[in-house]
Amino acid sequence: MRKTDGEAKLPSMELLNGGKTEEGDDSSQEDYQRGTWSHKLDFLLSVIGYSVGVSNIWRFPYLCIRNGGGAFLIPFFFFLVFCGIPLYFLELCLGQFSGVSSIFVWKLCPLFKGLGFLMVIVSALMSWYYITVLVWVLYYLVNSFTDPLPWSVCTEKWNTHHCIESRVKAAGIGSVAENSVFQNTSLLYNASSSSILQNISTAFNVSVSTNDTNPGTGDSPTAAKEFWQRRVLRISSGFDDVGTIEPHLVIGLFVAWVLVFLCLMKGVKSVGKVVYVTAVLPYILLTTFLIRGLMLEGSIDGIMYYLSPDFSRLSDFQVWLEAGIQVFYSLGPAWGGLITMSSYNKFNNNCLRDAIIGSLADGLTSFYAGFVIFALLGNLAAETGLKISDMTGDSGPGLALVVYPEAMLSLPIPHLWAVLFFLMLLTLGIDSQFGTFETVSSGLADAFPQYFAGRKPILTAGVCIIMFVLGLPFCTNGGMYYFQIVDWYAASLCVLLTSFLECIIVGWIYGADKFSKDVKLMIGKDVNIVIRFCWCIITPLVMLVTFIITLTNYQPPTYEGYKYPVHARVAGFILSLIPLIPVPVTAVYYYTRTDGTFLQRIRKLTQPAADWGPHLNKYKKEYHENQSNTPDGAPLLTAKRNLLGNLM
């Protein structure tokens, strides 16, 4: 349970731990002045909710079927075990050991203090535009209570005369020609790039552009497609056509930020209670959908299509690369959320257990969601006579907000299933928003305690208001274009680079052997040699290769066949550089304020700051005594020694 920063009167440790102190923990109130989670489960559910998001529903099944079906699970779980869990564990250890948010944790290596600012900026960008997904979901959720469902009919004012109500009804005509039309049209459901994952996959020559019309057969969009494009988005002709602000989207944006404020107004003290609903409910709803889906005709065929392995695809380097990218961006390291949330842990919390559970929960949720999605797609294929492969051409909002709602129209009581589906997307999305937003607010509170100490609700409200105002451009007719540009550029490069630098700092500069001793101070045992090897070799190598390939295979974004103007791409490129600016700026700043020769300055700046160490008072003296006895040396000269120590 987190108490607001800097309050003069702190709650007792018994209150913070639900009426009892943690076994074996003789810490004092002063050790947790920033507050702590009320219960261990609060934190565990929070990190699970942070990692498991909407991309688990609309991204993983698509990747699995495109990259060898069940065979894709081999590289996926390989990267989850050897890259995902080690990086997840590293960030949880950093936050729990230091007891500070991501903006100050890099006192570990003052030369790279800018990484903390990078994480806060990236999280701010993510919070700024990601909320738009919740706006769309909220609008669909509200419209799920109307009769008829607006995406099920072609009689609304926004529909064109080319509209068909659904492919299920159209298939009943029995015309081979028409069936071909619908089959071709189903390939064109890529509504947007949707997420950083899709952006990077597009860098590997995967097309994401679509059209409302089928160039070979004429206009034949479904009611669901037209509802998305012509009612929800009311999309304009291009990036330079801003259009007007749409009131229904502004209302949705306001409601979304009110929900975030109510859940986070007291930091982990309030979010620790909310996650019992938002992190658990999606699994209940997924299971409900799976049970109902298995009762439908064709569902087993869909699941078998999902699991059927094509092992020949494992020889394709891109399959392994996309598996690594999916694991990395789904888990969410390098954004600062994991460090921030773990900084409110008890010092002796078993963060290794939490890292394993959190990582596996994310990976297994993606796998589990695939059964649900392909059971529904299998039924839709059986009803329409289409191939399942024709329905998996999209992995973003176009799949979640067009194809899935259409698939549910064939279920009994479609209104009920629509409500449950969009409620599931809402809870998945808002959980991820918690982590990124808390990184920003905690960073501000820690950086400016003189202004925000004891004022957590005011700080949260202020940030929400600013984000609401800045988010208004996404509520215009051109909002989808701005959303895609921000999504395409904001964090696609800097997050990969951050993860690489994290591993280099901890594994090579600070030393994985030394960090292992820090971890032992917390959980009572050294870090496993396999994890240390991953920190030093495997994980940074994967991050570096992915970063380089992303740069060398860059392609500009497109939407619905529309190519963005040069100035839009330039604006996106500048946006991608903004989070990186603090890294060299702070390095130069601290370099100029340090005395000595070049090597002496580098040596000093790559040693932990004087105030770095365990945040428990009883360990500080012993820790600093051990540090003073550790031989000093330039990191480049001691890298080999560190590596040998890491692996011995």
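Whatever comes next refers back to the structure up there.
This section reports on the structure supplied with the text. (Residues numbered from 1 in each chain as written. Predicted model: local features only at pLDDT ≥ 70, side-chain atom pairs only at ≥ 80, totals over all residues. Heavy atoms only, no water.)

## Some thoughts on the overall build of the protein chain
Inference 1: The helix and strand inventory of the protein chain stands at 29 helices and four strands.
Inference 2: Counting only residues that meet the buried cut, the protein chain has 62% of its 648 residues in that class.
Inference 3: Of the roughly 23,900 Å² of accessible surface on the protein chain, 66% is carried by carbon and sulfur atoms. (Helix = DSSP H or I, 4+ residues; strand = E, 2+ residues; numbered from the N terminus. Buried < 20%, exposed > 50% of the residue type's maximum accessible area, 1.4 Å probe, protein only. Areas by Shrake-Rupley, 256 points an atom, 1.4 Å probe, with all protein chains shown as cover.)

## So, the environment of A279
Inference 1: Relative to the helices and strands, A279 is located in the loop between α12 (268-278) and α13 (281-294).
Inference 2: Look at A279 and you get buried, because its relative accessible area is 5%.

## Examining the packing of helix α15 (residues 317-331) against helix α24 (residues 529-552)
Inference 1: Direction vectors running N to C along α15 and α24 enclose 110°, while the axes themselves pass 11 Å from each other. When the axis of α15 is compared with that of α24, the two are roughly perpendicular. Every residue of α24 that contacts α15 at F317, L321, I325 and F328 is listed here: M543, V545, T546 and I549.
Inference 2: By residue class, the composition of the contact of α15 with α24 is seven nonpolar, one polar and no charged. (Axes fitted to C-alpha atoms, helices over the stretch in contact; angles between N-to-C directions. Parallel < 35°, antiparallel > 145°, perpendicular 65-115°, else oblique. Contact = heavy atoms within 4.5 Å. Nonpolar A, V, L, I, M, F, W, Y, C, P; charged D, E, K, R; others polar.)

## Quick notes on the pattern of salt bridges
Two side chains carrying opposite charge are able to pair once their charged atoms lie near each other.
Inference 1: Per the counting criterion, the structure on display carries seven salt bridges.
Inference 2: In this structure, the salt-bridge partner of K273 is D42, at a minimum N-O distance of 3.9 Å. Pair noted here: K273 is in helix α12 and D42 is in helix α2 (residues 40-51), with a separation of 231 residues, a long-range link.
Inference 3: Look at K273 and you get partly exposed, because its relative accessible area is 41%. (Salt bridge = Lys/Arg side-chain N within 4 Å of Asp/Glu carboxyl O.)

## Brief notes about empty space enclosed by the protein
Inference 1: Across all of its chains, the model carries nine cavities of 30 Å³ or more by this definition.
Inference 2: Approximately 80 Å³ is the volume found for the second largest cavity.
Inference 3: Lining the second largest cavity are 13 residues, with S46, V271, M341, F434 and G435 positioned closest to its centre.
Inference 4: Only α2, α12 and α19 (414-447) provide two or more residues apiece to the lining of the second largest cavity. (1 Å grid on protein atoms, 1.4 Å probe; cavity = no way out; pocket = protein on both sides within 12 Å on 5 of 7 lines; lining within 4 Å. Points joined across faces, edges and corners; volume = space filled by probe spheres on them.)

## A closer look at the packing of aromatic side chains
Inference 1: In the structure shown here, the tally under the stated rule is 48 aromatic pairs.
Inference 2: Geometrically, the ring pair formed by W136 and W228 is edge-to-face, given 5.2 Å between the ring centres and 90° between the ring planes. Of the two residues, W136 sits in helix α6 (residues 114-143) while W228 sits in helix α10 (residues 223-233), which places them 92 residues apart along the sequence.
Inference 3: Taking the centre distance of 5.6 Å and the plane angle of 85° together, the rings of Y306 and F371 count as edge-to-face. With a gap of 65 residues between them, Y306 in helix α14 (residues 299-307) and F371 in helix α17 (residues 351-384) connect regions that are remote in the sequence.
Inference 4: In this structure F371 comes out as buried when scored by relative accessible area, which is 19%.
Inference 5: In this structure, K514 is placed above the aromatic ring of Y510, and the distance from its NZ or CZ to the ring centre is 4.9 Å.
Inference 6: Across from the ring centre of Y591, 4.7 Å away, lies the NZ or CZ of R601, which sits over that ring. (Phe/Tyr/Trp six-rings, centres within 6.5 Å; stacked < 30°, edge-to-face > 60°. Lys NZ or Arg CZ within 6 Å of the ring centre and 35° of its normal.)

Purely geometric stuff here, so don't read any function into it on its own.
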